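Understanding the architecture of this molecule
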Amino acid sequence: MYQSFIGLEIHIQLLTETKVFCGCRAAFGDEPNTNVCPVCLGYPGVLPTLNEAAIRMAYVVARTLNCTLTEQTLFERKNYYYPDLPKNYQISQYGAPLGRDGYLDLEFRGKRKRVRIHEVHLEEDAGKMIHAGDMSLLDYNRAGTPLLEIVTEPDMEIGDEAELLLQQFRRMVRYLGVCDGNMEEGSMRCDANVSVNRSGEGLGSKVEIKNLNSSRFVRKALNHEIARQEDILSQGGTIPQETRLWNENRDLTEAMRTKESAHDYRYFPEPDLPPFTTTPEFQQAVESSLVELPLARRDRFIREYELATHQAEFLTEERALADYFEQTVEHGVDPQAAATWLAADVRKMLNRHRAEIHNSPLTPPRLAELLRLLAESRIHGKIAKQTLAAVFESDRDPLEIIRENGWEQITDAATLAGYIEQVLAAHPKAVQQVREGDSKPIGFLVGQVMKASSGRAEPRAVQELINAKLELKLIQVLSFGGAISGVRREDGLVEPGELIRLRDLFADGRFGDGVRIDELELGRFLSEEITPQDWALLLSEVAVRLENGRADGIVIAHGTDTLAYTASLLYWVFADTKVPIVLTASVLPHDKPGETPHPHSDAARNLGEAVRVATEGEPGVHVVYGDEDFSPLNLKFEGLRPFTADVEGAESAEGAESAEGALGRFRTWNMERPVYRGRPLAPALAELSREELTKRLESAVRSVFVAKVFPGMQGDTLIALMNAGVRYFILELYDTGTANLRESPYSLRKAFQHGEQTGALFFCTSQQEIAVDFSEYVTGHELWREGAVPMGSLTTESAYTRLLVAILTAEDDDELVKLMED
Ligand SMILES: [Zn+2]
């Protein structure tokens, strides 16, 4: 077993107006050799003077990286010759760098990790050499611009950590306003060094990797290099100390030069610059430049505003957005609503108008106003979106736009009550039918109120008022196939369910006063016959009922075997439901009791219990089966089992209970306490049209493959699937590692490398009943070290539906991974 050690050297260009030792402009993209003077061109007899802003920014970075700050820091000459260095030396720091012994905390795969900072020092940048044909051109505009170098200790182990450190560091310097962090343009640069050795033997030979101009390349190059060195070591070879270049076209590192010994730069103190001493005023200026950092701000957002991790991460990615969010919330808006709108609709508008949040027509007070109108139900969701678009187009206040267009809804209870009185009085027969137990005329009555108000009445409020007036509780029962509503044929097979049979179960009408059942058949199929189209239909029908207030509770009669999928799917979309959504099932149909030892009442009893939970239970997604109320996540169905003799034929109440245990049951895995409600992963999903949802779900399902990883699985199998269009893999492991990653046809490493090139993503779940700690990744758990995202304690079923919802929601793969990790 091997261990790897990664350290980084990061250079950032400080965002000062002028260069570090002269008054020339420090700007990117100017006409070559226009920002130069005798000092930065190294004429004899000139004197450098230290730029206050540059040294202050340097100390701010060092302080933010928790370094010990040097009170008297020294500049030294680093002597070497290179055409882009007109002075033949570079002013840098060597013996007394301005900051030492700091650290940066990372959060990697849910675990905090501290990377120590060796030192931070300030130096001047060199010029730029541009090769054109057989000529080399020199631009000295960059010569003498302030450059800060940050050197970490070799505390990282895989490329992913280095990538994360760079991303986090980039966010940090952007928050501090000291660097724009643009790696493509070179204002942030990185060299990496890595050494691999047998576990416990400490550092091996150090290999330096250059030409890394994105954090993604840093990850890829390091992971490639670690694998390369492990292969050499495992074949008995040795690693020479050398410098290698990342070849982004071939996805590998190539030897550049071997490093026999360190260069001797003959450092000596710069005679023209006195040591820099930090005065109390200077220290004060540094302290007052410190800001709340992204990670701390993210944690505060989660704590203070009760946001989900992915929401808080999105909001704190850029300081401007985080500030905007807080300014909006200060106007008394629900933080959850503000976060949801900023991540979805506002972001879309900004992209469409190529605008930035801090200077768009949507000011924080305007967004706050829009969200307040929505929260007070003065407008509904669709109007809010139209208004948002209009704000961007016309640069006016939301309320003004809504008034002008007559978009305001009627929610005032007194006004609505007037319409309702009128309608109820005009339709006594319909009212009578409802009072006698028929739910059908309710929709008609709501429709009449809508008509009377010219469509401006808020439907949910109308429904609630009618329910209150007629003392009703309306439970929507959606028939989604399965044995619960099915028929048992002569040959013993079960025919898929139909609504009419479900209705039989309600025939005795024992659901208490005022409870009205409204049924709808969504499909006649068995568990295994469910298609993405059926799921889209179910999601749309549930969404409509939640939106228009037509349900005080929803019951879904489902098949047993795939119920764990549908239940978790509903949870990821409707976790914040304000009414109970209850799934139920039964293994056997309820009819023909003579042919089965199973009591006639099983399907009826589960359904009855589901209606009870839908009427009286807590809001959230529930699964009711055999008198038990299960959480929708991490369910496992244990299928039909043979009857035992003593249970067979039992007709008594006790007998019925033991028969049910023998028939199959649900259990929850890896979950300490049941989860019924929370924050939905994709609140916007429910707003899609059924056609759109079907199309997207079908395409998502096509792009996912769930594989149980077994010994002897070949990498080529997964590659063939990728070539057939699979982009997302859920790899189900026995424990944290089942996969073979040694060099052989049975190695999955090739599949991972292929995935890296083609953009495939891997997620891993464990089929162990225990919750698995995926964070122990240094030894043994190579599969996810290769890039598979561990799904923590989620079962494959729950992870699969989460992936579908994440695919439907995420704008790109980074966001998708965040949604999966949250
Ligand atoms: Zn100059």
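Only a predicted model underlies this, so the values are computations on that prediction, with no experimental measurement involved.

Conventions adopted
Residues numbered from 1 in each chain as written. Predicted model: local features only at pLDDT ≥ 70, side-chain atom pairs only at ≥ 80, totals over all residues. Heavy atoms only, no water. Helix = DSSP H or I, 4+ residues; strand = E, 2+ residues; numbered from the N terminus. Buried < 20%, exposed > 50% of the residue type's maximum accessible area, 1.4 Å probe, protein only. Contact = heavy atoms within 4.5 Å. Areas by Shrake-Rupley, 256 points an atom, 1.4 Å probe, with all protein chains shown as cover. Lys, Arg positive; Asp, Glu negative; His and termini not counted. Charge placed at Lys NZ, Arg CZ, Asp CG, Glu CD. Axes fitted to C-alpha atoms, helices over the stretch in contact; angles between N-to-C directions. Parallel < 35°, antiparallel > 145°, perpendicular 65-115°, else oblique. Nonpolar A, V, L, I, M, F, W, Y, C, P; charged D, E, K, R; others polar. Pairing = 2+ DSSP bridges. 1 Å grid on protein atoms, 1.4 Å probe; cavity = no way out; pocket = protein on both sides within 12 Å on 5 of 7 lines; lining within 4 Å. Points joined across faces, edges and corners; volume = space filled by probe spheres on them. Phe/Tyr/Trp six-rings, centres within 6.5 Å; stacked < 30°, edge-to-face > 60°. Patch = residues over 30% accessible without salt bridge, like charges linked within 9 Å, V, L, I, M, F, W, Y side chains within 5 Å. Salt bridge = Lys/Arg side-chain N within 4 Å of Asp/Glu carboxyl O. Donors = N, O, S within 2.8 Å, 3.2 Å for Na, K, Ca; no water. Tetrahedral: all angles 85-135°; square planar, octahedral: opposite > 155°, others 65-115°. pLDDT = per-residue confidence, 0-100. Expected span 1.5 Å × (residues − 1). Core = buried A, V, L, I, M, F, W, Y, C linked by side-chain atoms within 4.5 Å. Right-handed = clockwise from strand over helix to strand, strands pointing away.

1. Observations concerning the overall build of the protein
On a plain count of helices and strands, the protein comes out with 26 helices and 30 strands. Structurally, the protein occupies a C-alpha span of about 105 × 70 × 50 Å along its principal axes. Each of the 822 residues in the protein was classed as buried or not, and the buried ones make up 53%. Taking all contacts inside the protein whose residues are at least 6 apart in sequence as the whole, residues at least 24 apart take part in 72%. As displayed, the protein has an accessible area near 36,500 Å², and 49% of this comes from carbon and sulfur atoms. A distance of 2 Å separates the average location of the 88 positive side-chain charges in the protein from that of its 128 negative side-chain charges.

2. Quick look at the packing of helix α6 (residues 309–316) against helix α7 (residues 319–329)
Contact geometry for α6 and α7: axes closest at 6 Å, N-to-C directions at 115°. It follows from the interaxial angle that α6 and α7 lie roughly perpendicular. Contact residues: Phe314, Leu315 and Thr316 in α6; Leu321, Ala322 and Phe325 in α7. For the contact of α6 with α7, a count of residues per class yields 5 nonpolar, 1 polar and no charged.

3. Focus: the sheet that holds strand β4 (residues 76–79)
For sheets, the rule is that strands pair by backbone hydrogen bonds, running either parallel or antiparallel. Read from one edge to the other, the open sheet built from 3 strands follows the order β5-β4-β15, with strand pairing classed as antiparallel. Each end of this open sheet is capped by a strand with a single partner; those strands are β5 (89–92) and β15 (268–269). As defined by bridge partners, β4 adjoins β15 across 2 bridges and the pair is classed as antiparallel. Residue pairing in the sheet places Glu76 in a bridge with Pro269 of β15.

4. What about empty space enclosed by the protein?
With the rule as written, the count across this model stands at 4 cavities of 30 Å³ or more. Approximately 50 Å³ is the volume found for the largest cavity. Looking at the largest cavity, the residues that line it are Cys40, Leu85, Pro86, Lys87, Tyr89, Glu124, Asp125, Ala143 and Gly144. Counted by class, the lining of the largest cavity contains 5 nonpolar, 1 polar and 3 charged residues.

5. Observations concerning the packing of aromatic side chains
Within the structure shown, the criterion is met by 21 aromatic pairs. Between the aromatic rings of Phe21 and Phe75, the centroid separation amounts to 5.6 Å while the plane-to-plane angle is 90°, which identifies the pairing as edge-to-face. Of this pair, Phe21 sits in the loop between β1 (2–13) and α1 (52–64) while Phe75 sits in the loop between β3 (72–73) and β4, and the two are 54 residues apart along the sequence. Ring centres 5.2 Å apart and planes at 90° place the aromatic pair Tyr305 and Phe325 in the edge-to-face group. Within this pair, whereas Tyr305 is found in helix α5 (residues 294–305), its partner Phe325 is found in helix α7, the two being separated by 20 residues in sequence. Each member of the pair, Tyr305 together with Phe325, is buried. An aromatic cluster is built from Tyr80, Tyr94, Tyr265 and Tyr267, whose rings are joined through pairwise contacts.

6. Concerning a nonpolar patch on the surface
Taken together, the side chains of Ile130, Met135 and Leu137 make up a nonpolar region of the molecular surface, amounting to roughly 270 Å² of accessible area. Checked against the element boundaries, Ile130 lands in strand β8 (residues 128–132). Assessed through its relative accessible area of 38%, Ile130 is described here as partly exposed.

7. Some remarks on the coordination of the zinc ion
Every protein donor of the zinc ion is listed here as Cys22 (SG), Cys24 (SG), Cys37 (SG) and Cys40 (SG), and their distances to the metal cover 2.3 to 2.4 Å. Here the zinc ion binds 4 donor atoms, and the angle range of 98 to 114° at the metal identifies the geometry as tetrahedral. Read in sequence order, the donor residues for the zinc ion give the motif C-x1-C-x12-C-x2-C. With a gap of 16 residues between them, Cys24 in the loop between β1 and α1 and Cys40 in the loop between β1 and α1 connect regions that are remote in the sequence.

8. Focus on the confidence of the model for the protein
Considering every residue of the protein, the mean pLDDT works out to 86; 91% of them sit at 70 or more. Looking over the protein, one finds the lowest element-wise mean pLDDT in helix α20 (residues 653–663), namely 45, and the highest in strand β10 (residues 146–152), namely 97. Taken together, the stretch residues 593–599 has pLDDT below 50 and engages in 11 contacts with residues farther than four places along the chain or on a different chain. Confidence over residues 642–662 falls short of pLDDT 50; this stretch has 17 contacts with residues more than four positions distant or in other chains.

9. Remarks on helix α17 (residues 532–547)
An ideal rise of 1.5 Å per residue puts 22 Å on 16 residues; α17 measures up with 22 Å between its terminal C-alpha atoms. Buried residues dominate α17, accounting for 13 of its 16 residues. Gly549, located one to two residues past α17, shows a positive phi value of around 70°.

10. With respect to the nonpolar core
The tendency in soluble globular proteins is for nonpolar side chains to be buried side by side. Membership of the largest hydrophobic core comes to 66 residues, with the highest contact counts inside it found for Val542, Ile556, Leu570, Phe574, Phe763, Leu803 and Leu816. Of all the elements, helix α18 (residues 563–574) adds the most residues to this core, at 9 residues. Discounting chain neighbours no more than four positions away, the residues touching Leu803 are Val704, Tyr728, Ile730, Phe763, Leu816 and Met820. By size, the runner-up hydrophobic cluster in this structure holds 61 residues, among which are Leu98, Ala162, Met188 and Ile209.

11. Digging into the environment of Leu804
For Leu804, the position within the fold is in helix α25 (residues 796–809). A relative accessible area of 0% places Leu804 in the buried class. For Leu804, the residues in contact, after removing those within four places along its chain, are Trp535, Leu697, Ala700, Val701 and Val704.

12. Points about the sheet that holds strand β29 (residues 761–766)
Spatially, 4 strands are ordered β27-β28-β29-β30 in an open sheet, and the strand pairing comes out parallel. At either margin of the open sheet sits one strand with a lone partner, and together these are β27 (704–708) and β30 (789–790). Taken together, the 5 bridges between β27 and strand β28 (residues 728–733) define a ladder with parallel strand orientation. Across the sheet, Val706 pairs through a bridge with Ile730, a residue of β28. Against the sheet, α25 contacts β27, β28 and β29, and its axis sits at roughly 165° relative to β28.

13. So, unusual backbone geometry
If you check the backbone angles, Arg266 has positive phi at about 45° while not being a glycine. The residue Arg266 is located in the loop between β14 (252–258) and β15 in this model. On the basis of relative accessible area, Arg266 is assigned to the exposed category, the value being 61%. Even without being glycine, Asn634 reaches a positive phi, approximately 55°. On the secondary structure map, Asn634 appears in the loop between β24 (628–630) and β25 (635–638).

14. Comments concerning the pairing of β29
Most of β29 sits inside the fold, with 6 of its 6 residues counted as buried. Here β29 shows no split at all, with Leu761, Phe763 and Thr765 on one side and Phe762, Cys764 and Ser766 on the other all buried. Pairing analysis gives 6 bridges linking β28 to β29, with the strands arranged parallel. Following the sheet pairing, Leu731 is matched in β29 by Cys764.

15. What to know about the pairing of strand β13 (residues 242–247)
Burial within β13 is extensive, with 5 of its 6 residues counted as buried. Across 4 bridges, the pairing between strand β12 (residues 207–212) and β13 is parallel. Counted as the bridge partner of Val207 is Glu242 from β13. Taking the sense of rotation as the criterion, the β-α-β connection linking β12, helix α3 (residues 215–234) and β13 turns out left-handed. Both β13 and β14 contribute to a ladder of 6 bridges, which runs antiparallel.

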